[in-house]
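Letter by letter, the chains look like this.
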Amino acid sequence: MKKRHTAAALAAIAGAVLLGTGYLFLRPADRILHEFERRELSDRFHAEGGAAGDIDGDGTPDVVAGPYWYEGPDFGRRHTYREPLDFDPLDYSDHFIAHVHDFDEDGWEDILVIGFPGEAAFWYMNPQGGEALWDRYVAFPSVDNESAAILDFTGNGRPEMVFLSGGYLGYATYDPAQPTEPWAFHRVSERHAWGRFTHGLGAGDVDGDSLPDLLMAEGWWENPGFGSDARWEHHAVDFGRGGAQMYAYDVDRDGLNDVVTSLDAHGWGLAWFRQTSEGDFERNLIMGEEIEKNPFGVRFSQPHALKIADMDLDGLTDLVTGKRWWAHGESGDPEPNADAVLYWFRLELSEEGEASFIPYLIDDDSGVGVDVTVEDLDEDSYPDILIVNKKGAFVFRQLVHEVKASEWRAAQPTLLSDAD
């Protein structure tokens, strides 16, 4: 049986004094290990992404994985909200992205599902208890892009969907007074030759005006203000071939928001793009195809999902990503049968503001789907991880321990330049 490395995602919170790869001293606050406990919810392929929220109203987070939701905090009890379907891992599911929110404002959380690219998104109305299948309503008839986003884009306290439709980039809003009616689509771009399987999409404040802009592989669209009739200006930037979710935040703390993205959802590459004072973007490779170009020797293909979060609560925003296993079956894409790894990359800043992302392995037999959920599922303040993909459904609970200095050192990744 293949050994699974489930307890290797480890990091110090702050303050270690370094000399090369040796540590002069480690204070107790520095000897913190971030370990992840794996729980398998299912070994069936039901979906490519999950969600979290308080479905039963008991004050504890639950999780959604395909046609089921699982009661927190231990996720041992499963409930069916839509007709269950088992999908062949050589094929695709009808469930790519999900989100939990009370759309009809009845006090019970509902479930929004973006299905196969180009097809409809539906929301399912919580029946306020019981085991009946939930009523389903069309949110939007055709949602393109493999990494469509669901977030409070306009700042009104309600989630919107950001996606492509009919060759246009835009976002869709719903009317809480008429929640069962289809959502309204707001175009922000001219029409392009984008298709249903376009990769790479995100939202964030690129220009620092406190308004969320939109990101794609070919650049970003500047938000002129909600309610404005002004055109959203496109700024052309090469952010790669098209990866997963994209983010704008200040990686190096220089006052300018940078862009973080995977470079190719079905190939190789993870990078952050430093924004200069002239508005240009300089690419900084975090992980590439060639091992010798990766400082810690970490290398995996198909980073089809990416989330950002402060995993160790040190005030810096880290990355969570991994390999999407069998995205196109057992013979498609680079290294389809390599270990389905899941990693978090800890952001570390030098005194000069130079940014490094340190990789920590969480698991080698799960990977990611087209989405990955990173939220505090056990209410201990530390983010946990939900994975739903062709391998099944998994919760990785983060466990934090103070350990001996020798244990901490042994858990740290080794730079290739320092390896024997």
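Description of the structure in this document.

The rules behind each value
- Residues numbered from 1 in each chain as written.
- Predicted model: local features only at pLDDT ≥ 70, side-chain atom pairs only at ≥ 80, totals over all residues.
- Heavy atoms only, no water.
- Pairing = 2+ DSSP bridges.
- Helix = DSSP H or I, 4+ residues; strand = E, 2+ residues; numbered from the N terminus.
- Axes fitted to C-alpha atoms, helices over the stretch in contact; angles between N-to-C directions.
- Salt bridge = Lys/Arg side-chain N within 4 Å of Asp/Glu carboxyl O.
- Buried < 20%, exposed > 50% of the residue type's maximum accessible area, 1.4 Å probe, protein only.
- Phe/Tyr/Trp six-rings, centres within 6.5 Å; stacked < 30°, edge-to-face > 60°.
- Lys NZ or Arg CZ within 6 Å of the ring centre and 35° of its normal.
- Contact = heavy atoms within 4.5 Å.
- Polar contact = N/O pair within 3.5 Å; in protein donor to acceptor, adjacent residues only side chain to side chain.
- Core = buried A, V, L, I, M, F, W, Y, C linked by side-chain atoms within 4.5 Å.

1. Here's the deal with the sheet that holds strand 7 (residues 78–80)
No. 1: Taken together, the 4 strands give an open sheet; going across it, the order is 4-5-6-7, and neighbouring strands pair in antiparallel fashion. Whereas interior strands pair on both sides, the edge strands pair on one side only; in this sheet they are strand 4 (50–53) and strand 7. Across the sheet, the axes of successive neighbouring strands diverge by a mean angle of 25°, strand direction being ignored.
No. 2: In terms of strand pairing, strand 6 (residues 68–70) meets strand 7 through 3 bridges, oriented antiparallel. Looking at the pairing, Y70 lines up with R78 of strand 7.

2. Let's talk about the pattern of salt bridges
No. 1: Applying the stated criterion across every chain yields a total of 19 salt bridges.
No. 2: Between R82 and D94 there is a salt bridge whose closest N-O contact spans 2.8 Å. Highlighted residues: R82 in the loop between strand 7 and strand 8 (97–101) and D94 in the loop between strand 7 and strand 8, separated in sequence by 12 residues.
No. 3: For D371, the salt bridge is made with K307, and the minimal N-O distance between the two is 3.2 Å. Of this pair, D371 sits in the loop between strand 27 (355–363) and strand 28 (373–375) while K307 is found in strand 24 (residues 306–309), placing the two residues 64 residues apart along the sequence.
No. 4: A relative accessible area of 6% places D371 in the buried class.
No. 5: Beyond isolated ion pairs, a larger network of salt bridges with shared partners links D252, D254, R274 and E282.

3. Section: unusual backbone geometry
No. 1: The peptide bond linking G72 to P73 adopts the cis configuration, its omega dihedral lying at 10°.
No. 2: Among the structural elements, P73 can be located in the loop between strand 6 and strand 7.
No. 3: In this structure, E335 is a non-glycine residue whose phi angle is positive, near 50°.
No. 4: Inspection of the secondary structure puts E335 in the loop between strand 25 (318–322) and strand 26 (342–349).
No. 5: According to the relative accessible area criterion, E335 is partly exposed, its value standing at 33%.
No. 6: In this model, E379 sits at a positive phi of 60°, which is unusual for a non-glycine residue.
No. 7: Positionally, E379 belongs in the loop between strand 28 and strand 29 (384–389).

4. A closer look at the environment of G208
No. 1: For G208, the location among the structural elements is in the loop between strand 16 (201–204) and strand 17 (213–216).
No. 2: Through-space distance from the C-alpha of G208 to that of D250 is 9.9 Å; in sequence the pair is 42 residues apart.

5. Examining the packing of aromatic side chains
No. 1: Taken as a whole and judged by the stated rule, the model has 28 aromatic pairs.
No. 2: On the basis of an interplanar angle of 55° and a centroid distance of 5.5 Å, the ring pair of Y81 and W134 is categorised as tilted. With Y81 in the loop between strand 7 and strand 8 and W134 in the loop between strand 10 (121–125) and strand 11 (135–140), this pair connects stretches of sequence that are 53 residues apart. Judged on exposure class, the residue Y81 and its partner W134 are both buried.
No. 3: One aromatic cluster is present, formed by F103, W123, Y137, Y174 and W183 through successive ring pairs.
No. 4: Positioned above the aromatic ring of F122 is the side chain of R136, whose terminal nitrogen or guanidinium carbon lies 3.7 Å from the ring centre.

6. Considerations on the environment of F185
No. 1: With respect to the secondary-structure elements, F185 resides in strand 15 (residues 184–187).
No. 2: Taking the C-alpha atoms as reference, F185 lies 9.2 Å from V162; in sequence the two are 23 residues apart.
No. 3: Beyond its immediate chain neighbours, meaning those up to four positions away, F185 contacts F140, F163, S165, Y168, L169, G170, Y171 and A172.

7. Brief notes about the side chain of E48
No. 1: For E48, the location among the structural elements is in the loop between strand 3 (32–42) and strand 4.
No. 2: At a separation of 2.9 Å, a polar atom in the side chain of E48 contacts the side chain of R324.
No. 3: Ignoring any residue separated from it by four or fewer positions in sequence, one finds E48 in contact with S93, H95, F96, R324, G369, V370, D371, V388, N389 and K390.

8. A closer look at the pairing of strand 13 (residues 160–165)
No. 1: Counting buried positions along strand 13 yields 6 of 6 residues, so the element is predominantly enclosed.
No. 2: On strand 13, burial covers both faces: E160, V162 and L164 on one face and M161, F163 and S165 on the other are all buried.
No. 3: Of the strand pairs in this sheet, strand 12 (residues 144–151) and strand 13 are connected by 4 bridges, and their pairing is antiparallel. Paired with A149 across the two strands is V162, which belongs to strand 13.
No. 4: Sheet analysis places strand 13 next to strand 14 (residues 168–173), joined by 5 bridges and oriented antiparallel. Across the sheet, residue V162 finds its bridge partner in strand 14, namely Y171.

9. A word on the sheet that holds strand 22 (residues 270–275)
No. 1: Strand order in the open sheet formed by 8 strands is 19-18-17-16-20-21-22-23, with mixed pairing between adjacent strands. Only two strands of the sheet have a single partner each, and these edge strands are strand 19 (233–236) and strand 23 (281–287). Adjacent strand axes in the sheet meet at a mean angle of 20°, parallel and antiparallel pairs treated alike.
No. 2: The pairing of strand 16 with strand 17 spans 3 bridges and is antiparallel. Residue A203 lies in a different strand from strand 17, and its bridge partner there is L214.

10. A short note on the nonpolar core
No. 1: In this structure, L319, F345, F357 and I385 are the most contacted members of the largest nonpolar core, which totals 38 residues.
No. 2: Aside from chain neighbours lying at most four places away, what touches I385 is F36, M311, V320, L342, I362, V372, T373, V374, F394, V395 and F396.
No. 3: Ranked by size, the runner-up nonpolar core spans 19 residues in total, among them F96, I97, W123 and F140.

By themselves, these figures tell us nothing about what the structure is for.
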